[in-house]
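# Structural characterization, general
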Amino acid sequence: MNAYESLRREANGRPFACIVGWPVAHSRSPALHGFWLKQHKIDGHYGRLPVEPNRAALEDLVAFLRRTPNARGCNLTLPHKIEIMPLLDRIHPVAAHIGAVNTVIKHRDGALEGRNSDGFGFLEALKAGAPDWRADAGPVVVLGAGGAARAVVATLAEAGVPELRLVNRTQATAIDLGVAFTPKDGRRIAIERWAERDATLKDATLLVNTTSLGMKGQPPLEIDLTQLPRMAAVNDVVYVPLETGLLAAARARGHRCIDGLGMLLHQGRLGFEAWFGRQVAVSAEQYKAVAGDLV
Ligand SMILES: NC(=O)c1ccc[n+]([C@@H]2O[C@H](COP(=O)([O-])OP(=O)(O)OC[C@H]3O[C@@H](n4cnc5c(N)ncnc54)[C@H](OP(=O)(O)O)[C@@H]3O)[C@@H](O)[C@H]2O)c1
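Everything in this summary refers to the structure shown in the same document. Predicted model only: the values in this text are computed from it and were never measured.

Parameters and conventions
Within each chain, residue numbers correspond to sequence positions counted from 1 in written order. Confidence filtering applies because this is a predicted model: local features only for residues at pLDDT of at least 70, side-chain atom pairs given and counted only at 80 or more, and all residues used for totals across whole chains, interfaces and linings. Think of the side-chain values as coming from all heavy atoms in the structure, minus any hydrogens and water. For two strands to pair, DSSP has to find at least two bridges joining them. Numbering of helices and strands starts at the N terminus; helices are DSSP runs of H or I of at least 4 residues and strands are runs of E of at least 2. Geometry is summarised by axes, namely lines fitted to C-alpha atoms with helices restricted to the contacting stretch, and by angles between N-to-C directions that run from 0 to 180 degrees. Two residues form a contact once any of their heavy atoms are found within 4.5 Å. It suffices for a single heavy atom of a residue to lie within 4 Å of a molecule or strand for the residue to be listed as near it. Definition of a polar contact: a pair of N or O atoms within 3.5 Å, with one able to donate and the other able to accept a hydrogen when the atoms are protein atoms, and with sequence-neighbouring residues admitted only if both atoms are side-chain atoms. Here the open area of atoms and residues is found with the Shrake-Rupley method and a 1.4 Å probe, where only the protein chains shown may cover a residue. For this classification, Asp, Glu, Lys and Arg are treated as charged, while Ala, Val, Leu, Ile, Met, Phe, Trp, Tyr, Cys and Pro are nonpolar and the rest, including Gly, are polar. In the sections that follow, a salt bridge refers to a side-chain nitrogen of Lys or Arg positioned within 4 Å of a carboxyl oxygen of Asp or Glu.

## Examining the sheet that holds strand S9 (residues 188-193)
Spatially, the six strands line up as an open sheet ordered S9-S8-S7-S10-S11-S12, and their pairing is parallel. Each end of this open sheet is capped by a strand with a single partner; those strands are S9 and strand S12 (256-258). Taken over all neighbouring pairs, the strand axes of this sheet differ in orientation by 20° on average, direction set aside. Across four bridges, strand S7 (residues 140-143) lies against strand S10 (residues 206-209) in parallel orientation. By the bridge assignment for S10, Val140 is matched with Leu206. Sheet strands touched by helix H5 (residues 118-129): S10, strand S11 (233-236) and S12. Its angle to S12, the strand with the most contacts, is close to 150°.

Below is the structure:
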């Protein structure tokens with residue numbers, strides 16, 4: 001039985017969505033959506049779908065979503081977030097601005113819309129973890145210029161951050177991001193050197209790590225926080241482990257810390273509400289249930 005057939009059988013006629021990726025076995029999305037389905041007693045399903053990274057495989061996915069009446073859409077993770085875009089019927093302006101899609105919604109007329117909820121998830125988690133942080137209060141440092149950084153930088157620029165300092169190992173990628181997301185009203189995105197990342201922390205109100213450094217199986221993020229003002233919040237989008245080396249060091253200095261799981265949970269709201277027609281909220285119980293073995 002292929003993956004599509006097993007997913008269809010699991011759903012057993014109920015409305016369903018799924019996480020699509022390659023690989024996909026590690027994804028926390030079934031746990032986070034499964035929590036809401038159970039909490040709200042919704043007779044639906046959220047599964048996993050491994051889809052190989054090539055155009056033909058993505059075309060099969062889109063055809064499956066179109067022809068399966070109870071398929072409501074999907075989430076997308078690496079490496080499909082960009083390649084899916086030309087295959088969809090429309091792209092929401094936020095996803096078009098970020099340049100990636102992480103949620104597909106099948107509308108009543110059958111049209112498939114690509115959206116991006118990573119920026120929304122990031123901002124909601126930040127507001128929850130550092131309620132008094134103000135976007136317009138001062139400079140923000142973002143480490144990294146990959147996929148997660150695109151959503152974070154676009155969102156922070158939109159939120160009104162007066163100066164964004166973007167620091168990436170490959171400076172050319174950071175420059176591309178700076179060009180794409182510099183606001184038109186004169187606020188700046190400064191591209192800083194990776195070797196000088198410690199010095200960029202001076203006067204910052206927020207430090208965000210969007211690199212994969214510190215993630216399980218990756219090298220640690222080496223950064224000296226001495227110059228970061230104590231009032232600044234520290235946000236790591238990495239969520240395996242939950243308490244990264246960066247967060248442990250920041251906590252020891254007394255900074256407010258925001259881990260990556262909150263972003264993951266909040267980004268899920270947008271898809272869930274569209275697929276299953278119910279407003280949902282992130283709760284401590286859900287956080288605990290999904291955190292599970294993310295130590
Ligand atoms: N919490 C959430 O909801 C959420 C959502 C999305 C992603 N994430 C997490 O965010 C992390 C990044 O994901 P992504 O999709 O943005 O990955 P990505 O597109 O592959 O970007 C990776 C970033 O890490 C940098 N990097 C990698 N190895 C490095 C090294 N040895 N030294 C310095 N920089 C290094 C890369 O720099 P170069 O440009 O120089 O290669 C790039 O900026 C992952 O841990 C992912 O799980 C979390």
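## Side note on the site of the ligand
Looking at the ligand, there are 20 residues lining it, with Ala148, Asn168, Arg169, Thr170 and Gly260 nearest. Between the ligand and Ser212 there is a distance of 3.3 Å, counted from an oxygen atom to a backbone nitrogen or oxygen. Relative to its unbound accessible surface of 920 Å², the ligand loses 77% to contact with the protein. The set of elements that each furnish at least two residues to the shell around the ligand consists of helix H6 (147-159) and helix H9 (260-276). Here the element with the most residues in the shell around the ligand is H9; it accounts for three residues. Residue classes in the shell around the ligand are distributed as ten nonpolar, nine polar and one charged.

## Quick look at the pairing of strand S6 (residues 112-115)
Where strand S4 (residues 90-91) meets S6, two bridges bridge the pair, whose relative direction is parallel. Counterpart to Arg90 in the pairing with S6 is Glu113. Summarising the sheet, strand S5 (residues 103-106) and S6 pair through four bridges and their orientation is antiparallel. Paired with Thr103 across the strands is Arg115, a residue of S6. Hairpin connection of S5 to S6: five residues between the antiparallel strands, including Gly110 at a positive phi of 90°.

## Observations concerning the side chain of Arg253
Checked against the element boundaries, Arg253 lands in the loop between helix H8 (245-252) and S12. A polar contact of 2.7 Å, which involves the side chain of Arg253, links it to the backbone oxygen of Leu228. Every residue in contact with Arg253, bar those within four places of it in the chain, is listed here: Leu225, Thr226, Leu228 and Arg230.

## A short note on the pattern of salt bridges
A full pass over the atoms with the stated rule returns 15 salt bridges. Among the salt bridges present, the one from Arg9 reaches Glu5, with a minimum N-O distance of 3.3 Å. Of the two residues, Arg9 and Glu5 are both situated in helix H1 (residues 3-11); the distance of four residues between them amounts to about one turn of the helix. What you see here is one network of salt bridges that share partners, running through Glu5, Arg8 and Arg9.

## Digging into unusual backbone geometry
Residue Leu78 is joined to Pro79 through a cis peptide bond whose omega torsion reads 0°. Tracing the chain through its elements places Pro79 in the loop between strand S3 (71-76) and S4. Geometrically, the link from Val240 to Pro241 is a cis peptide bond, its omega value of 5° lying close to zero. Following the sequence through the fold, Pro241 ends up in the loop between S11 and H8.

Remember that the coordinates give geometry; whether it matters functionally is a separate question.
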